[in-house]
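Architecture at a glance
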Amino acid sequence: MTSRATNLAIFAIVVVEFASGVLSLLVGQPDGAWLFWIHRIGGLALAVLILWKWRIVLRAYQRHGLTPLTALAALLTIVFVGTLASGILWATVGFPGLRLPGIGGLTGLGVHILLALLLIPFFVIHAAHRWPRLLRPDFASRRAALRYAGLSVAGLALWQGHERITRAAELPGINRRFTGSREEGSFSGNGYPTTNWFTDARQRIDPATWQLRIHGLVDHELELALPDLAAMPATTTRAILDCTGGWFTEQDWRGVPLATVLAQAHPANDARSILVTSATGYRRRFPLSEAGKLLLGTHSSGVALSAGHGAPVRLIAPGYRGFEWVKWVVEIEISAAPAWLQSPLPLQ
Ligand SMILES: Nc1nc2c(c(=O)[nH]1)N[C@H]1C(S)=C(S)[C@@H](COP(=O)(O)O)O[C@H]1N2
Ligand SMILES: [Mo]
């Protein structure tokens, strides 16, 4: 492979890796598993490309020596290799996490995501500086097609080989869901990690003064206290909370279906979405049609939720990633806005 072909392939695959990595954070159902497959195949194809890239890097040093740009490239190399290595180690041995001031505990997957984010500025500057004039044969030729097919097959073979070896050797990496998350404290009540989105902080709410306000496009606005909610028929649902930080837990969640509460509030005909807001202002929007599936949860596997897990009431959102499971719920707004009208990942 020529230097030019190697560099362009690395660029293209890194873009695919960023896109599939970010999009994968939104996938909570197995029918989206293919996005994770692409991410794994692409990552291992990048590992293969190192076989060609290291010669290019070495030649650049011999020619230019240490300049600001080669120093930047050296940093890029370190972060790039770290990102790749942390992803592979997470899948193999569940690479130990880190505790960072200001960020808190990170799993190996958290380290992988953090390094990937750190990579962005280096990658953009490096690619902009070295950007070649693109020619048609670079991407639309038999050779290019063969090159990308070969890289895909190599990535696929390495991925499958890796899976088989980790399974045969019973390495800790096998204990992962299709999302890459590892199981923690299933059916243990409150015995699974408490996590907050990096923008939010833990709350402790007095259950005696807690109130839930239901308003917006409804015929009857409601103000519910805890005994009001407790008087409504609750159901229990077995579901997985899967945090994008790299762990998941399965519990029998108990709560009142949102549909039951909304039946008392009577949403208007043009109502389309439900905005669920926490005492902290953290909020997520859902389609109104999901109201039967979403629970105002109070218990996990027979135990009342702890403060860290969102007491007195958190949202149970089966099939959605963890960041949608709003804790410390105090407000529900029914609105005509479509459910997709929100940042795909929380910003508040
Ligand atoms: N109000 C609020 N709800 C929240 C969060 C948050 O930061 N604030 N974090 C979310 C994330 S990222 C996850 S994974 C789950 C974690 O729930 P747990 O702490 O009970 O494990 O809560 C979600 N609900
Ligand atoms: Mo999370």
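As shown above, the structure is provided for reference.
Our subject in this report is the structure included herewith. Think of each chain on its own: its residues are numbered from 1, step by step along the sequence as written. As a convention, the first chain written is A and the first ligand written is 1, with the rest following in written order. Thresholds applied to this predicted model are a pLDDT of at least 70 for local features of residues and 80 or more for the giving and counting of side-chain atom pairs; totals over whole chains, interfaces and linings are not thresholded and use all residues. The basis for every side-chain value is the complete set of heavy atoms in the structure, and neither hydrogens nor water enter the calculation.

**Topic: the site of ligand 1**
Around ligand 1, the structure places 22 residues, and the nearest of them are Pro193, Asp200, His309, Arg314 and Lys327. Between ligand 1 and Pro193, the relevant distance is 2.7 Å, taken from an oxygen atom to a main-chain nitrogen or oxygen of the residue. Here a polar contact is taken to be a pair of N or O atoms separated by no more than 3.5 Å, where protein atoms must pair a possible hydrogen donor with a possible acceptor and residues adjacent in sequence count only if both atoms sit in side chains. A distance of 2.5 Å separates an oxygen atom of ligand 1 from a polar side-chain atom of Lys327. When ligand 1 sits alone it has 530 Å² of accessible area, and the protein chains cover 99% of it. Only Asp, Glu, Lys and Arg are considered charged, only Ala, Val, Leu, Ile, Met, Phe, Trp, Tyr, Cys and Pro nonpolar, and every remaining residue, Gly among them, polar. The class makeup of the residues in the shell around ligand 1 is eleven nonpolar, eight polar and three charged. Near residues are defined by distance, with any heavy atom within 4 Å of the molecule or strand qualifying the residue. With residues, only the protein chains shown are counted as cover, and all accessible areas are computed by Shrake-Rupley using a 1.4 Å probe.

**Considerations on the pattern of salt bridges**
A side-chain nitrogen of Lys or Arg and a carboxyl oxygen of Asp or Glu constitute a salt bridge if their distance falls within 4 Å. Applying the stated criterion to the full structure yields eight salt bridges. Here Asp252 and Arg238 are joined by a salt bridge, their closest N and O atoms 2.8 Å apart. Within this pair, whereas Asp252 is found in strand β7 (residues 247-257), its partner Arg238 is found in strand β6 (residues 235-243), the two being separated by 14 residues in sequence. For Arg321, the salt bridge goes to Asp242, with nearest N and O atoms at 3.5 Å. Of this pair, Arg321 sits in the loop between β12 (314-316) and β13 (329-335) while Asp242 is found in strand β6, placing the two residues 79 residues apart along the sequence. Strands here mean DSSP runs of E at least two residues long; helices mean DSSP runs of H or I at least four residues long; both are numbered from the N terminus.

**What to know about the environment of Ser152**
With respect to the helices, strands and loops of the structure, Ser152 is situated in helix α6 (residues 142-168). Working definition: with a 1.4 Å probe on protein chains only, accessible area under 20% of the residue-type maximum means buried, over 50% means exposed, and in between means partly exposed. Owing to a relative accessible area of 40%, Ser152 belongs among the partly exposed residues under this scheme. Ser152 sits 67 residues away from Ala85 along the chain, and the two C-alpha atoms are 19 Å apart.

**Things to note about a nonpolar patch on the surface**
Taken together, the side chains of Val16, Trp34, Trp37 and Ile38 define a hydrophobic patch exposed on the protein surface, amounting to about 400 Å² of accessible area. Here Ile38 lies in helix α2 (residues 33-64). A patch consists of residues whose relative accessible area exceeds 30% and which take part in no salt bridge; residues with like charges are grouped when within 9 Å of each other, and nonpolar side chains (Val, Leu, Ile, Met, Phe, Trp, Tyr) when within 5 Å.

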